[in-house]
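Coordinate analysis (summary)
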Amino acid sequence: MATTDRQATTLALAHALSAAERGLAVIPLSRTKLPALGSPHRDDPGPTPCHGECGRFGHGVYDASTDPARIREMFAAAPRATGYGIACGLPPHHLIGVDLDTKTGTDSSAALRELALRHLFTIPATVVVLTPSGGRHLWLSGPADVVVPNSAGRLAPGIDIRGAGGYLVGPGSRTERGAYTAAPGTGRLAPAPCPPALLRLLLPPPRAHHPTPASAGGHGQGLVQFVLAAHEGQRNTRLFWAACRAYEDGIGPALVSPLVDAALDTGLSEREARATIASAARMTGHRP
């Protein structure tokens, strides 16, 4: 590895350790902004809903830690890491990231100002991270008892939200496009509380009740709830796993409609949901 890469890794580790001292849980990132450690389950025969319970590294944001020893171990296992990610939604800050993008050709900053005027809130002084593409990440803290989901463009075009299960690229990281830096005067600020009016906009509408056929029983309801709890990036995996369990337990046909409804609630299309369930049926030796 080139000296410059080693220097970038050393610098990223230093920044990550500094962030951890502030209570921010971190993971190493590659130059592509993706987690630098590959999944230990990539060669497993089927989907494995593991969030690090196996004890190995490579579970993305679920590896995030504030423990200096563990962070050093992760970076030692990822010698090509040039950046670090900060997990959102975890205590003590329950971080929410407002990503004001510039790649869509829309003025995301103006869109946020318009939302603030319409819904009567102001963005408080907080950490602002400047991205290589000219965008900005605003760091806000959320209540401990509220789970803010990830979303892309739902709040307004060009505005993405990083919440539970997501991460932000930390300042001091280097990527293929350049460096992430803290805006002057904001680097040592604590993430400011998210304005209540903005927080209400970030939360999804209440989910409709999805009745489970009596023939499916309590286990079927548990599988439906497992799918409903999926974050972005987990939806197909959770749906596939739940459908496999349903078919293996003999309740697959009865659970197709509730599982499709639950998948639609998480953001999958009906076509994607039915295709995933059909794959689970074939995998378990059943006719879709």
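Below, the structure is looked at part by part. All values reported here derive from a predicted model rather than from experimental measurement. (Residues numbered from 1 in each chain as written. Predicted model: local features only at pLDDT ≥ 70, side-chain atom pairs only at ≥ 80, totals over all residues. Heavy atoms only, no water.)

Some words on helix α7 (residues 252-266)
Spelled out, the test is: Helix numbers and strand numbers start at the N terminus; a helix is a DSSP run of H or I with at least 4 residues, a strand a run of E with at least 2. One less than the number of residues in a helix, times 1.5 Å, gives the span that helix is expected to have. The angle between axes fitted to the seven residues ending at a residue and the seven residues starting there is what we call the bend at that residue. Partly exposed residues are those whose accessible area sits between 20% and 50% of the maximum for their type, while under 20% is buried and over 50% is exposed, using a 1.4 Å probe and protein chains only.
Look at α7: 20 Å from first C-alpha to last across 15 residues, which is about the 21 Å you get at 1.5 Å a residue. The sharpest bend along α7 measures roughly 30 degrees and falls at Pro258. Every buried residue of α7 is accounted for by Gly252, Leu255, Val256, Pro258, Leu259, Val260, Ala262, Ala263 and Thr266.

A short note on the packing of aromatic side chains
Rules: Stacked, edge-to-face and tilted are the three classes for Phe, Tyr and Trp ring pairs, Trp counted by its six-membered ring, which pair at centre distances within 6.5 Å; planes under 30 degrees apart are stacked, over 60 edge-to-face, the rest tilted. Both a distance and an angle decide whether a charge sits over a ring: NZ of Lys or CZ of Arg must be within 6 Å of the ring centre and within 35 degrees of the ring normal.
Scanning all chains against the criterion turns up 1 aromatic pair. Seen from their ring centres, Phe226 and Trp241 are 4.8 Å apart, and the 50 degrees between their planes marks the pair as tilted. Of this pair, Phe226 sits in helix α5 (residues 217-228) while Trp241 sits in helix α6 (residues 235-248), placing them 15 residues apart in sequence. A relative accessible area of 24% means that Trp241 is categorised as partly exposed. The side chain of Arg238 reaches across the aromatic face of Phe226, ending 4.2 Å from its centre.

What to know about the pattern of salt bridges
Stated precisely, the cut-off is as follows: Salt-bridge detection follows one rule: a side-chain nitrogen of Lys or Arg within 4 Å of a carboxyl oxygen of Asp or Glu.
Under the defined criterion, the tally for this structure stands at 3 salt bridges. Here Arg118 and Glu114 are joined by a salt bridge, their closest N and O atoms 2.8 Å apart. Separated by 4 residues within a single helix, Arg118 and Glu114 lie in helix α3 (residues 108-119), roughly one turn from each other. For Arg245, the salt bridge is made with Glu248, and the minimal N-O distance between the two is 2.9 Å. Note that Arg245 and Glu248 are positioned in helix α6 at a spacing of 3 residues, about one turn of the helix. Judged by its relative accessible area of 21%, Arg245 is partly exposed. For Glu248, a relative accessible area of 47% corresponds to the partly exposed category.

Quick notes on the sheet that holds strand β1 (residues 26-29)
Selection rule: If DSSP finds at least two bridges between two strands, the strands pair. A fitted line through C-alpha atoms serves as each axis, taken over the contacting stretch for helices, and the angle formed by two N-to-C directions is quoted from 0 to 180°. Here, two residues are considered to be in contact whenever any of their heavy atoms come within 4.5 Å of each other.
Reading across the sheet, the 3 strands line up as β1-β2-β8 and stay open at both edges, with antiparallel pairing between neighbours. Of all strands in the sheet, those bounded by a partner on one side alone are β1 and β8 (167-169). Strand-to-strand twist across the sheet, computed as the mean angle between neighbouring axes with direction ignored, equals 35 degrees. Note: β1 against strand β2 (residues 83-87), 4 bridges, orientation antiparallel. Each bridged residue has a counterpart across the sheet, and for Pro28 the counterpart in β2 is Tyr84. Packed on one face of the sheet, helix α2 (residues 68-77) meets β1 and β2 and runs near 15 degrees to β1.

Re the nonpolar core
Just so we agree on the cut-off: Among buried residues, the Ala, Val, Leu, Ile, Met, Phe, Trp, Tyr and Cys ones that are joined through side-chain atoms within 4.5 Å form a nonpolar core.
Core analysis: the biggest nonpolar cluster contains 30 residues, and Val26, Ile71, Phe75, Tyr84, Ile86, Leu95 and Trp139 have the highest contact counts within it. Those elements that provide at least two residues to this core are α1 (3-21), β1, α2, β2 and β8. If near-sequence neighbours (up to four positions away) are discounted, Trp139 is found in contact with Leu24, Ile86, Leu95, Ile96, Thr126, Val127, Val129, Leu168, Pro171, Pro191 and Ala192.

Digging into the environment of Ser279
Along the polypeptide, Ser279 turns up in helix α8 (residues 270-283). Taking the relative accessible area as the measure of exposure, Ser279 reaches 29% and is therefore partly exposed. Between the C-alpha atom of Ser279 and that of Phe240, which follows or precedes it by 39 residues, the distance is 7.7 Å.

Some thoughts on the packing of α6 against α8
Short version of the rule: Roughly parallel means an angle under 35 degrees; roughly antiparallel means over 145; roughly perpendicular covers 65 to 115; every other angle is labelled oblique. Crossing handedness is read from the near helix: turned anticlockwise from the far helix by less than a right angle, it gives a left-handed crossing, and turned clockwise, a right-handed one. Residues are grouped as follows: Ala, Val, Leu, Ile, Met, Phe, Trp, Tyr, Cys and Pro are nonpolar; Asp, Glu, Lys and Arg are charged; every other residue, Gly included, is polar.
Where α6 meets α8, the closest approach of the two axes is 8 Å, and the angle between their N-to-C directions is 45 degrees. Of the possible angle classes, the one that applies to α6 and α8 is oblique. Relative to α8, α6 is oriented so that their crossing is right-handed. Residues Asn236, Leu239, Phe240, Ala243, Cys244 and Tyr247 of α6 touch α8, and the partners they reach there are Glu272, Ala273, Thr276, Ile277, Ser279, Ala280, Ala281 and Met283. By residue class, the composition of the contact of α6 with α8 is 10 nonpolar, 3 polar and 1 charged.

Quick look at the state of the cysteines
Selection rule: Only a pair of cysteine sulfur atoms within 2.5 Å qualifies as a disulfide here.
Per the counting criterion, the structure on display carries 0 disulfides. Sulfur of Cys194: no disulfide; nearest cysteine sulfur belongs to Cys88 and is 12 Å away. Exposure remark for Cys194: the relative accessible area of 9% places this residue in the buried category.

Comments concerning the environment of Gly134
Tracing the backbone through its elements, the reader meets Gly134 in the loop between β4 (128-130) and β5 (136-141). Separated by 126 residues in sequence, Gly134 and Val260 place their C-alpha atoms 39 Å apart.

Details of unusual backbone geometry
Excluding glycine, most residues fall at negative phi; most peptide bonds, likewise, are trans. Pro92 follows Pro91 through a cis peptide bond whose omega is 5 degrees. Unusually for a residue other than glycine, His94 sits at a positive phi of about 50 degrees. Structurally, His94 can be placed in the loop between β2 and β3 (95-100). Despite not being glycine, Leu120 shows a phi value in the positive range, around 60 degrees. Tracing the backbone shows Leu120 in the loop between α3 and β4. For Leu120, a relative accessible area of 76% corresponds to the exposed category.

As far as function goes, none of this settles anything; it's purely spatial.
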